[in-house]
Amino acid sequence: MLLQECGVSKRGAACLAVWALIAGAAGAESFAVIDGAGHILLGHAHPPADAVTGVDDLRSLWRGRAVGFDGPDPSGEPASWVEVSRAPFRLQLESPVVEIGKLRTDWVFEVLEGARAEAEASLGQVFTGPLVVMLYTEPTYARFHDERFGFPTGGFFDGRLHVAVPPGNLDLLRSRLRHEFSHALYRERTGADVPFWLNEGRALRAQRGGGALANLDPEERASLRERSLDGRWIPLSRLQGGFVGFDSSRAATAYLESALAAEWFEAKTAPSQRALFLRRIAEGVSPNLALKDSTGLSMTALD
């Protein structure tokens, strides 16, 4: 699931300033959001006027991925939705997304196919589908889904991909689609979201474009190294089922660790090993045993 992202560069600072007001009103001292490229921005709720800046931390407002949707189903409004299919994807687009946003469906399919190829290569698995992808205008998305999570989001996966289309920002839309598709493939092949450090770490890498481009940058590595040296490293065994209940500092560490662990998993294992790991997860074995079976390492050794 993606929290509502800040735009990169100058727009990121503006977004952080808005979140600072929200966090301060909620009594929080700090908060974190994630930008469209998958990088982490940390803000302080009560900074000096010129001190709201982006650094390498991750989103702190995550409260868990929801499964199932009990609210109104916008796909049931045929007058306001357009459907276009290209196997294994079925796009359902709110009409204004096409009319006002000038969004080309062939571009969306190209992004999804690219996300599929990247995810399959990374995880050593083949996505079969079918997959419904629902694209909303931001106001409609907020109306249907913000109350569901309790905070603004940019997209989520619950068996279907739900993504808000940011006006005039195809780069951000591409990032959202890549991120959520990674979750879709993971769920299809394992029937689960665990271990969360791999599932979410993989999605962050997909959001950044995959491959070497998705690796943690030097500042992010330095931040994680500092957290490890001063005792803030969280054993990966504690990150199996999610990050619910973590404060902003622990959540930042958890997401950085997940991104790094997913980076290691992709760089140091063969596709066959990654496929075996996911098959073992699908069979219901523990992540520790799945890791042992596929790589010969224990979770402690991976830490």
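**Considering the overall build of the chain**
Part 1: Looking only at helices and strands, the chain features 11 helices and eight strands.
Part 2: Looking at the chain residue by residue over its 303 residues, the buried ones come to 51%.
Part 3: The contacts of the chain with a sequence gap of at least 6 include a subset with a gap of at least 24, amounting to 65%.
Part 4: Put simply, the chain shows about 12,900 Å² of open surface, and 55% of that area lies on carbon and sulfur atoms.

**Comments concerning the pairing of strand β6 (residues 131-137)**
Part 1: Most of β6 sits out of view: seven of its seven residues are buried.
Part 2: Because side chains alternate across β6, one face comprises the buried residues L131, V133, L135 and T137, and the other comprises V132, M134 and Y136, equally buried.
Part 3: Here strand β5 (residues 89-94) pairs with β6 via five bridges, running parallel. Of the residues in β6, the one forming a bridge with Q92 is M134.
Part 4: Across five bridges, β6 lies against strand β8 (residues 161-165) in parallel orientation. In the strand pairing of β8, L135 is matched with V163.

**A word on helix α3 (residues 105-123)**
Part 1: Over its 19 residues, α3 runs 27 Å from end to end, which matches the ideal 27 Å to within 8%, given 1.5 Å per residue.
Part 2: Within α3, the full set of buried residues consists of W107, V108, F109, V111, L112, A115, R116, E118, A119, S122 and L123.

**Quick look at the pattern of salt bridges**
Opposite charge on two side chains makes pairing possible when the charged atoms of those side chains draw close.
Part 1: Under the criterion given, the structure shown has 15 salt bridges.
Part 2: The residue D193 makes a salt bridge to R187 at a minimum N-O spacing of 3.0 Å.
Part 3: For D193, a relative accessible area of 18% translates into the label buried.
Part 4: A single salt-bridge network, built from bridges that share partners, covers E113, R116 and E120.

**Here's the deal with the nonpolar core**
Part 1: L103, L131, V133, L135, L177, F181 and F277 are the most contacted members of the largest nonpolar core, which totals 54 residues.
Part 2: Those residues in contact with L103 that sit more than four places away from it in its chain are L93, V97, V98, V108, L135, V165, L170 and L173.
Part 3: By size, the runner-up hydrophobic cluster in this structure holds nine residues, among which are M134, Y136, F149 and F156.

**Observations concerning empty space enclosed by the protein**
Part 1: The full count for this structure, using the stated rule, is one cavity of 30 Å³ or more.
Part 2: Computed from the structure, the largest cavity encloses a volume of approximately 30 Å³.
Part 3: Around the largest cavity, the lining residues are L204, R205, R208, A214, N215, L216, A259 and E263.
Part 4: Only α6 (196-208) and α8 (248-268) provide two or more residues apiece to the lining of the largest cavity.
Part 5: In terms of residue count, α6 provides more of the lining of the largest cavity than any other element does, three residues in total.
Part 6: Broken down by class, the residue content of the lining of the largest cavity amounts to four nonpolar, one polar and three charged.

**Side note on the packing of α3 against helix α5 (residues 170-190)**
Part 1: Where α3 meets α5, the closest approach of the two axes is 9 Å, and the angle between their N-to-C directions is 45°. Classified by the interaxial angle, the pair formed by α3 and α5 is oblique. When you trace α3 past α5, the crossing you get is right-handed. From α3, W107, V108, V111, L112, A115, R116, A119, E120 and L123 reach across to α5, where they touch L170, L173, R174, L177, R178, F181, L185 and Y186.
Part 2: Of the residues assigned to the contact of α3 with α5, the class counts are 13 nonpolar, no polar and four charged.

**Considerations on unusual backbone geometry**
Part 1: Between A87 and the following residue, P88, the backbone shows a cis peptide bond with an omega angle of 5°.
Part 2: Structurally, P88 can be placed in the loop between β4 (81-86) and β5.
Part 3: Residues G129 and P130 are joined by a peptide bond in cis, for which omega reads 0°.
Part 4: Mapped onto the fold, P130 is located in the loop between α3 and β6.

**What about the pairing of β8?**
Part 1: In terms of burial, β8 is a largely internal element, five of the five residues being buried.
Part 2: Side chains L161, V163 and V165 of β8 all project onto a buried face; the interleaved residues H162 and A164 project onto the opposite face, where all are buried too.
Part 3: Pairing between strand β7 (residues 153-157) and β8: three bridges, direction antiparallel. Residue pairing for β8: F156 is matched across the bridge by H162.

Procedures and definitions
Residues numbered from 1 in each chain as written. Predicted model: local features only at pLDDT ≥ 70, side-chain atom pairs only at ≥ 80, totals over all residues. Heavy atoms only, no water. Helix = DSSP H or I, 4+ residues; strand = E, 2+ residues; numbered from the N terminus. Buried < 20%, exposed > 50% of the residue type's maximum accessible area, 1.4 Å probe, protein only. Contact = heavy atoms within 4.5 Å. Areas by Shrake-Rupley, 256 points an atom, 1.4 Å probe, with all protein chains shown as cover. Pairing = 2+ DSSP bridges. Expected span 1.5 Å × (residues − 1). Salt bridge = Lys/Arg side-chain N within 4 Å of Asp/Glu carboxyl O. Core = buried A, V, L, I, M, F, W, Y, C linked by side-chain atoms within 4.5 Å. 1 Å grid on protein atoms, 1.4 Å probe; cavity = no way out; pocket = protein on both sides within 12 Å on 5 of 7 lines; lining within 4 Å. Points joined across faces, edges and corners; volume = space filled by probe spheres on them. Nonpolar A, V, L, I, M, F, W, Y, C, P; charged D, E, K, R; others polar. Axes fitted to C-alpha atoms, helices over the stretch in contact; angles between N-to-C directions. Parallel < 35°, antiparallel > 145°, perpendicular 65-115°, else oblique. Left-handed = near helix turned anticlockwise from the far one by under 90°.

No statement about biological role is implied by the geometric values presented.
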